[in-house]
Amino acid sequence: MRFRANIDNVPTFFRIMQTLEKLQKRLIIKFTETTMHLICNSDTNEGGIQVWSQIKVPSLFSKYRIQSNANNEITLVLSSEALLGALRSASSNPSGLTINPNNGNANGQGNNVNSIETEEVIVRLTKKNEQAMLSFEITGLSRLGRTVRVAHDVRIEVLKPLDAARLGEPLCPAPDVHVLLPPLQKLRTIVERLRPMSNILALRANNSGVLQIAVNTEGVKVETEWRGCTNPKTSEEEENADGDEDEGEKDPEKLHSVVISIKSFLKFLNSHVVSTTTIACICQHHCLILYVYIGDVADAGGVLTFYIPAVIDE
Amino acid sequence: MSQDERIPAVLTASVADVRYLASLLRGVHFSNMASVTLSRSGLTITVEEARTLVGYAFIFAQVFDEFELHASKPNNPKPNRPRRATNGDAVSDSGSTEPESDEEEPDAPTVEAAFQINLNILIDCLNIFGTAGPLPAPSTAANNFKRWKRDGEGDDDGVHGEDGRANGGRGRIDAYLAGGDGKRTSMRMSYEGDGYPLTLLIAEDANGPTTTCEITTYQVEPHIDLEFDSETVVLRIIFKSSWLRDALSELDPSCEKLTFIANPSVDGPQRPRLNTQPMLRIQADGTHGSTEMDFPNDKEVLETFDCTQRVSFSYRFSHIVRTLRALSSSTKTSLRIDESGLLSLQFLMPKPQSTGADGSDGFVEFRCLALDE
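Treat the numbers as computed from the prediction; the structure is a model and nothing was measured.

A. Highlighting the domain arrangement of chain A. Residues and elements named next belong to chain A. In terms of domain boundaries, chain A breaks down into domain 1 (2-165) and domain 2 (177-309). Contacts between the two partners involve 19 residues from domain 1, matched on the other side by 21 residues from domain 2. With both sides pooled, the region where domain 1 packs onto domain 2 buries about 1700 Å², and carbon together with sulfur makes up 65% of that total. When residues of domain 1 are sorted by the area they lose upon contact with domain 2, Thr19, Glu46 and Ile49 head the list and together hold 30% of the total. Our count for the contact surface shared by domain 1 and domain 2 stands at 0 salt bridges. Viewed at the interface, domain 2 and domain 1 are joined by 3 residue pairs in polar contact (both at pLDDT 80 or more). For the side of domain 1 that touches domain 2, the secondary structure elements donating two or more residues are α1 (10-21) and β4 (50-56). Among the elements that line the side of domain 1 that touches domain 2, the one with the most residues is β4, at 7 residues.

B. Quick peek at the nonpolar core. A:Phe265, A:Phe268 and B:Leu200 are the most contacted members of the largest nonpolar core, which has 160 residues in total. Within the second largest apolar cluster, 13 residues are counted, among which are A:Trp52, A:Val77, A:Cys287 and A:Ile289.

C. Structural context of the interface of chain A and chain B. Counting from both sides, the interface comprises 16 residues of chain A and, opposite them, 17 residues of chain B. A buried area of about 1400 Å², summed over both sides, lies between chain A and chain B, and 54% of it is on carbon and sulfur atoms. At the junction of chain A and chain B, the tally comes to 1 salt bridge. Where B:Glu204 meets A:Lys186, a salt bridge forms, and the shortest distance between an N and an O atom there is 3.3 Å.

D. The packing of α1(A) against helix α3 (residues 80-90) of chain A, seen in detail. All names here are of chain A. Relative to each other, α1 and α3 sit at 150°, their axes nearing to 9 Å. By the angle class used here, α1 and α3 are roughly antiparallel. Considering only the axes of α1 and α3, their crossing is left-handed. Here Val10, Phe13, Phe14, Met17, Gln18 and Glu21 of α1 come into contact with α3, specifically with Ser80, Glu81, Leu83, Leu84, Leu87, Arg88 and Ala90.

E. The side chain of B:Asp338, seen in detail. All names here are of chain B. Structurally, Asp338 can be placed in strand β16 (residues 332-338). Buried charge Asp338 goes without a salt bridge, the closest partner of opposite sign being Arg367 at 8.3 Å. At a separation of 3.1 Å, a polar atom in the side chain of Asp338 contacts the main-chain amide nitrogen of Leu342. For Asp338, the contacting residues outside a window of four places in its chain are Glu227, Phe228, Asp229, Thr232, Val233, Val234 and Phe313.

F. Broad picture of the packing of aromatic side chains. Residue and element names in this part refer to chain B. Counted under the stated rule, the structure contains 16 aromatic pairs over all chains. A centroid spacing of 5.9 Å and a plane angle of 35° characterise the contact between Phe30 and Phe366, whose relative ring orientation is tilted. Of this pair, Phe30 sits in the loop between α1 (19-27) and β2 (33-39) while Phe366 sits in strand β18 (residues 362-368), and the two are 336 residues apart along the sequence. Judged by its relative accessible area of 15%, Phe30 is buried. Residue Phe366 is classed as buried on the basis of its relative accessible area of 2%. Ring geometry for Phe60 against Phe363: centres 6.1 Å apart, planes inclined by 45°, an arrangement best described as tilted. Residue Phe60 is found in strand β4 (residues 53-60), and its partner Phe363 is found in strand β18; the two are separated by 303 residues along the sequence.

G. Examining the sheet that holds strand β11 (residues 255-262) of chain B more closely. Residues and elements named next belong to chain B. Ordered in space as β13-β12-β11-β15, the 4 strands form an open sheet in which the pairing is antiparallel. Strands with a single pairing partner mark the edges of an open sheet, and in this sheet they are β13 (289-295) and β15 (311-316). Across the sheet, the mean angle from the axis of one strand to that of its neighbour is 15°, orientation sign disregarded. Relative to strand β12 (residues 280-286), β11 is paired through 7 bridges, and the arrangement is antiparallel. If you follow Ala262 over to β12, its bridge partner there is Leu280.

H. Broad picture of the sheet that holds strand β3 (residues 42-49) of chain B. Residue and element names in this part refer to chain B. Taking strand neighbours across the sheet as the criterion, the 9 strands line up as β6-β2-β3-β4-β18-β17-β16-β10-β14 in an open arrangement whose pairing is antiparallel. Lying at the two open borders of the sheet, with one neighbouring strand each, are β6 (111-118) and β14 (302-307). Along the sheet, successive strands turn relative to each other by an average axial angle of 15°, direction set aside. Pairing between β3 and β4: 8 bridges, direction antiparallel. Counterpart to Glu48 in the pairing with β4 is Val54. Contacts from helix α2 (residues 119-126) reach β2, β3 and β6 within the one sheet, and its direction differs from that of β6 by about 90°.

I. Local environment of the pairing of strand β12 (residues 211-216) of chain A. All names here are of chain A. Of all 6 residues in β12, 5 are buried, a share of seventy percent or more. Two strands pair when backbone bridges link them, and β12 and strand β13 (residues 220-226) are joined in this way by 6 bridges, in the antiparallel orientation. Residue pairing across strands places Asn216 opposite Lys221, the latter belonging to β13. Between β12 and β13, which pair antiparallel and follow one another directly, the connecting turn spans 3 residues.

J. Fine view of the confidence of the model for chain B. Residues and elements named next belong to chain B. For chain B, per-residue confidence averages 74 on the pLDDT scale, and 68% of positions sit at 70 or higher. Contacts for the low-pLDDT stretch residues 75-109, under 50 throughout, to residues beyond four places or in other chains number 50 contacts. Considering only residues more than four positions removed or in separate chains, one finds that residues 136-181, a stretch of pLDDT under 50, has 84 contacts. With a pTM of 0.74, the predicted complex shows an ipTM of 0.74.

About the thresholds
- Residues numbered from 1 in each chain as written.
- Chains lettered and ligands numbered in written order.
- Predicted model: local features only at pLDDT ≥ 70, side-chain atom pairs only at ≥ 80, totals over all residues.
- Heavy atoms only, no water.
- Domains from an automatic or database assignment.
- Contact = heavy atoms within 4.5 Å.
- Buried area = accessible area lost by both parts, 1.4 Å probe.
- Salt bridge = Lys/Arg side-chain N within 4 Å of Asp/Glu carboxyl O.
- Polar contact = N/O pair within 3.5 Å; in protein donor to acceptor, adjacent residues only side chain to side chain.
- Helix = DSSP H or I, 4+ residues; strand = E, 2+ residues; numbered from the N terminus.
- Core = buried A, V, L, I, M, F, W, Y, C linked by side-chain atoms within 4.5 Å.
- Buried < 20%, exposed > 50% of the residue type's maximum accessible area, 1.4 Å probe, protein only.
- Axes fitted to C-alpha atoms, helices over the stretch in contact; angles between N-to-C directions.
- Parallel < 35°, antiparallel > 145°, perpendicular 65-115°, else oblique.
- Left-handed = near helix turned anticlockwise from the far one by under 90°.
- Lys, Arg positive; Asp, Glu negative; His and termini not counted.
- Phe/Tyr/Trp six-rings, centres within 6.5 Å; stacked < 30°, edge-to-face > 60°.
- Pairing = 2+ DSSP bridges.
- pLDDT = per-residue confidence, 0-100.

In structure tokens form, the structure reads like this:
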């Protein structure tokens, strides 16, 4: 079993990990020849939220080499915080690089931890003392121009191919409505205000570009509505244009809703750091699926898929 | 009018920028439940703590761009008959509102409706888009001084027409539109009457999202009535809020008791001589020790100082600290103590772009009972 790669796009990888680290402590990563899958599917997650994401290898890595007995796939479990730490070391802060002419002592202490400019980050699968781990080797230039090498070893647990095969995305019926979400930053501000009011949140959308978020408790009813959202067409819809499983007439004004836990929605909204476009798909009363695109949608560099199951509202 | 016709809501009000309103509400946000009293002159938010401290936020109708108040749903069939001042039972079922009789005109009652509401939720809703943050502390430069009436509540009744619409409300929109940093959140509120929720419609801009909130209202619980006896005022001071704010923030949080000591000025205020007795002293006592802060007999600091006899009253420090939020956003403070020791602190909260001294700046008042010593 061998694996090594150069991480070219550290900032994006870092932002993805920032989102996932807040979600779950142990993360499953599956490396294949073409894709890196990040999976958070613990039952103890807040509100039952799960993340299944696929990132195309070329958008993050270069000089990628993988080899294993299991169809050249490697599945491992590691601590998300540890991985985040390694990536933080690897993120260089360009502002830390400006030479301050007044500051003769370019020690950089007190300014910024990342006072190195990263030149190269290599990740390798290694084994030390019978313990498998991912070794990150970060090479950079310090302010004074000296080469600096930082190494991070992140302990991992390699999953047997049998266990890896058992991992499967949750089954969902075909979504009732797809809608492009407004900027997640804005959404996050609003949902944060709603959090002290209630534990659950209703999300409603229709095929005419209306999106609503509502909270309904004894003390207060709040509903926020966006009009003019885009309803992206998916390939499935085009196939099903003639025959529909559900209703014969698809009323574009009909609002489809799902009730979810506010905390899990907030965990999803943590991905505002990485998302450029986010599409929400509502399976009425069943679940909410959110596709967070990393980078351009057209490039499809990567997608983080969030599954949030509906809460049964008594 | 037929019976089936829709009775207009008791209150309809709107404002283009909620920040000022939110800052007034924050000034009294030291407890979750607040009672809101609606009258023709505006809204009054009352919050109470420990039967000792009461905070009032007076939001005059002119703060709003639109303010319409109708008589609340009566029990008798004629909805728009003008109410009589003493007709307390027709105001609402709960019977909890009694029209205040100090300054109303004989035909129009002052208190139209009252309800209790969760202030946390109200402030969160106003701030839902994150733009109703605290206003920057107003500058204390002399040219920002707005003349204000000490007993401001009573003076506004005369200018209102019979339907309570605030005069000049429309003109003030320009003041809000002119200059501004970032998005403005505008809000429209309405209240149908007793038992109905307070409805807020909040929008950021025309294209953005709109939020509708319905906040449950509850029956008013009677507040302790701390009547300030204007006849027996023993101390009256007006000074810049920044002095009091600086003084209070210097104090160690472990203080338990705050005492205001004042001595009548020996000479006239024109020629202050070196006095052995301070004009105003704030003394703070706690487990760790005590602090004394003396204010000089200087017009620059104490703009108005009336003291008839030596005054010394103590108050629980934790109550006085509750006033800090309102104090930080205000420009001027009036401190009055009557002979029973009841302290009345009034903070003037100037509107961000107030066109002038029209007496419509909101203010927040705190009344606190003295500790029995």
